[in-house]
Amino acid sequence: MSAAAQTMAEKLLTRHNLTAKPVRAGDFLEARIDGAMCHYHASDPLHEMAVQSGFKEGLPRVWDPDRIFVLVDHHQPALSQKLADENALIRREVGRLGIRCFHDAEPGISHQMMADYGLMRPGELVVGNDSHTISYGALNAGGTGISRADMFYVLLYGELWFQVPPSIKVVLDGRQPKYPIAKDIILYLAGQYGDDFAGSMSIEYSGSLVPKLSIDSRMCLSAHGVEVGAKFAMFPEDEKTRAFLRGRTDKSYEPLAPDPGAEYEKEIRLNVDEMPFVVAKPHQFGNVAPVDEVAGTKIHQAQIGSCANGRYEDIEIAARVLAGRKVAKGVRFIISPASQQVYLRCVKAGLVETLLEAGAQVVTPGCGVCQPRVGFMSDGEVCITATTRNFKGRKGSLNAEIYLGGPLTVAAAALAGEIVNPRKVIHGL
Amino acid sequence: MGFDLNRVIRGRVWKFGDSIETDAINPYYRYPTMEELKQHTMEAYRPEFPLQVKSGDIMVAGRNFGCGSSRPGLVLREVGVAAIVAESVSRLFLRNSISRAIPIFVAPGVTGIVEDGETLEVDYPQGVVHNPASGKSVTVRKFPPMIEQIFECGGLPEFARERYLREAALGKRPKA
Ligand code: SF4
């Protein structure tokens, strides 16, 4: 009997099924976990759960201290006394439990650092107590967000229940222009098909554009899988994946590819050559419009950063747009590299100098710019941002307006002082 | 705290739209303590909610409830919400609710059978959500036995603890 054709998600979860039985979309299973990314909630809530559930002394042990990665990303350098105290608690817990991979003295976003340090590989099932863990799909890994209580279970047993998701094939065709378009792609799709078009499904990216997409762009697309409801958002493994991982990991891995004839819930095709520049208007990811529709909207703040757009190519395009020009008067243009490694690369390439000369602010790597922590907004203020979310209050005031756009659209707006079609301010696109 | 899926829940409805996100449910970036959260949950959509919600009330929502981050909805239980019934729930919020035994139900069509302020009855054992005033009802999706067991235990940490004790009794668990 030949095994039934499987999607990437079915293959991933079959490989990790504790009973080793092949699984199909819809099945429930208990899976073996390859890696667990645990960020700032590593202390308080987990300890509280341990005590509440009867482990009076806290978590009694962890299943494998080498497969747990604790990255204190959201909360450092500590922005308050409370966070400083929490960070100290995390440090103690990590020591007590013998966890070896621990970064709490290096600012950066956990997901970017997981990639920078080669902590996940193609074909692995990696969970994290943060929704954007899904971004590891860019490197052909089965990354997915879980809850804190799920993480509690994983830390103890290295296992977790899952339901095998149905899969959705997203076929991207077209040329790669000389600027990053990942953000426009995902916003455009959310606008066309709704902000839950991949709800509880696994996205498999394919098409003639995919080999041309950089790892940075793939990470943006995979990260945003969660904004359209997905459980996984995976790219095939190819030469770019291997080049990225070279020197970052020496562990062997087994990539995932779908079988010919695998069954998909649906298929979506997009030719990016025909796609306009788009933005998401306040206050939802799926509230998408062509940029021309909102052109002329005055802005007070522009931002590039986060686990969606804080990467080299996002910052590079901003530097290219601003080279020799000035940010519009009165506009705060805040740029936050996703990690120290990204930051250093930007510095070495001279991007930071260009940006500072143009009047942009380059701030410490981390999540701050994506949250109401770095760059709060006041009532009536307008922000355009290449970060993950534009929910009401995401930058402080419930009466501030947040637009999401690609890094090029954001840089163009910073230059013009208002939302503008990038083609109007940058020639030769 | 175990949650008994077999108990019928009846309460006054607060009705919300589609894609209600965790930033609104749990705006912890701005309000880091539970006491503050209780005063601000859902205010982005309905400022009166945190002021007027009463113990035993039911939240009804459209599709994609709880989209956004991996933040839990514990605050909703804290302010007294007895059940959440939605057209569909984002996977992470569903996982979060199951793993903390927060009563959450997926009932496609629910927003069509009940209005804000009306009474709704969630009868999980019978598999229906019912509006006693209009007599209309829709089906509620059943969980597989494994998930029902997690609810019974009171959540995944409690479930983990039971497994731990069971294995300890069998002399398993080598690593300390
Ligand atoms: S950058 Fe934003 S969305 Fe990404 S992990 Fe940090 S807070 Fe979450």
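The structure this text deals with has already been given above.
Because the structure is predicted, anything quoted here is derived from the model rather than measured.

About the criteria used
Residues numbered from 1 in each chain as written. Chains lettered and ligands numbered in written order. Predicted model: local features only at pLDDT ≥ 70, side-chain atom pairs only at ≥ 80, totals over all residues. Heavy atoms only, no water. Axes fitted to C-alpha atoms, helices over the stretch in contact; angles between N-to-C directions. Helix = DSSP H or I, 4+ residues; strand = E, 2+ residues; numbered from the N terminus. Parallel < 35°, antiparallel > 145°, perpendicular 65-115°, else oblique. Left-handed = near helix turned anticlockwise from the far one by under 90°. Contact = heavy atoms within 4.5 Å. Nonpolar A, V, L, I, M, F, W, Y, C, P; charged D, E, K, R; others polar. Near = heavy atom within 4 Å. Domains from an automatic or database assignment. Salt bridge = Lys/Arg side-chain N within 4 Å of Asp/Glu carboxyl O. Buried < 20%, exposed > 50% of the residue type's maximum accessible area, 1.4 Å probe, protein only. Pairing = 2+ DSSP bridges.

Draft legend 1. Region of the structure containing the packing of helix α5 (residues 148–157) of chain A against helix α7 (residues 156–169) of chain B. Interhelical geometry of α5 of chain A versus α7 of chain B gives an angle of 20° and a closest axis separation of 8 Å. Considered as vectors, α5 of chain A and α7 of chain B are oriented roughly parallel to each other. Note on packing geometry: the crossing formed by α5 of chain A with α7 of chain B is right-handed. Across the interface between the two elements, A149, D150, F152, Y153, L156 and Y157 of chain A of α5 of chain A pack against L156, P157, F159, A160, R163, Y164 and E167 of chain B of α7 of chain B. Its residues placed into classes, the contact of α5 of chain A with α7 of chain B shows 10 nonpolar, no polar and three charged.

Draft legend 2. Focus on the site of the ligand. In the neighbourhood of the ligand, 13 residues make up the surrounding shell, with H132, C307, C367, C370 and T388 of chain A lying closest. Per-site note: the chains with residues close to the ligand are chains A and B. Of the residues that constitute the shell around the ligand, the class distribution is five nonpolar, six polar and two charged. Summarising the domain contributions, the shell around the ligand has at least three residues from each of domain 1 (27–161) and domain 3 (279–423) of chain A.

Draft legend 3. View of the pattern of salt bridges. This model, assessed by the stated rule, comprises 36 salt bridges over all chains. R242 of chain A is paired through a salt bridge with E237 of chain A; the nearest N and O atoms lie 2.9 Å apart. With relative accessibility at 32%, the residue R242 of chain A sits in the partly exposed group. Across the pair E35 of chain B and K38 of chain B runs a salt bridge, and its minimum N-O distance is 3.4 Å. Of this pair, E35 of chain B and K38 of chain B both sit in helix α2 (residues 34–40), three residues apart, roughly one helical turn.

Draft legend 4. Quick look at the packing of helix α11 (residues 312–322) of chain A against helix α13 (residues 351–358) of chain A. Residue and element names in this part refer to chain A. In contact at an axis separation of 9 Å, α11 and α13 are set at 45° when each is read in the N-to-C sense. With respect to each other, α11 and α13 are oriented oblique. With respect to the hand of their crossing, α11 and α13 are arranged in left-handed fashion. On α13, the residues touching Y312, I315, E316, A318, A319 and L322 of α11 are L351, T354, L355 and A358.

Draft legend 5. Main features of the environment of F143 of chain B. All names here are of chain B. Locating F143 in the fold gives a position in the loop between β7 (137–139) and α6 (145–153). Taking the relative accessible area as the measure of exposure, F143 reaches 12% and is therefore buried. In this structure F143 touches I98, I104, Y124, E148 and F151, once residues within four positions along its chain are discounted.

Draft legend 6. View of the sheet that holds strand β10 (residues 232–234) of chain A. All names here are of chain A. Overall, parallel pairing links the four strands, which are arranged β10-β9-β8-β11 in an open sheet. Here the strands that pair on one side only, and so sit at the sheet edges, are β10 and β11 (266–271). Strand-to-strand twist in this sheet, taken as the mean axis angle between neighbours without regard to direction, amounts to 15°. Of the strand pairs in this sheet, strand β8 (residues 167–173) and β11 are connected by six bridges, and their pairing is parallel. Bridge assignment links I168 to a residue of β11, and that residue is K266. Contacts from helix α1 (residues 8–16) reach β8, β9 (202–206) and β10 within the one sheet, and its direction differs from that of β10 by about 110°.

Honestly, that's just the spatial picture; any functional story needs more than this.
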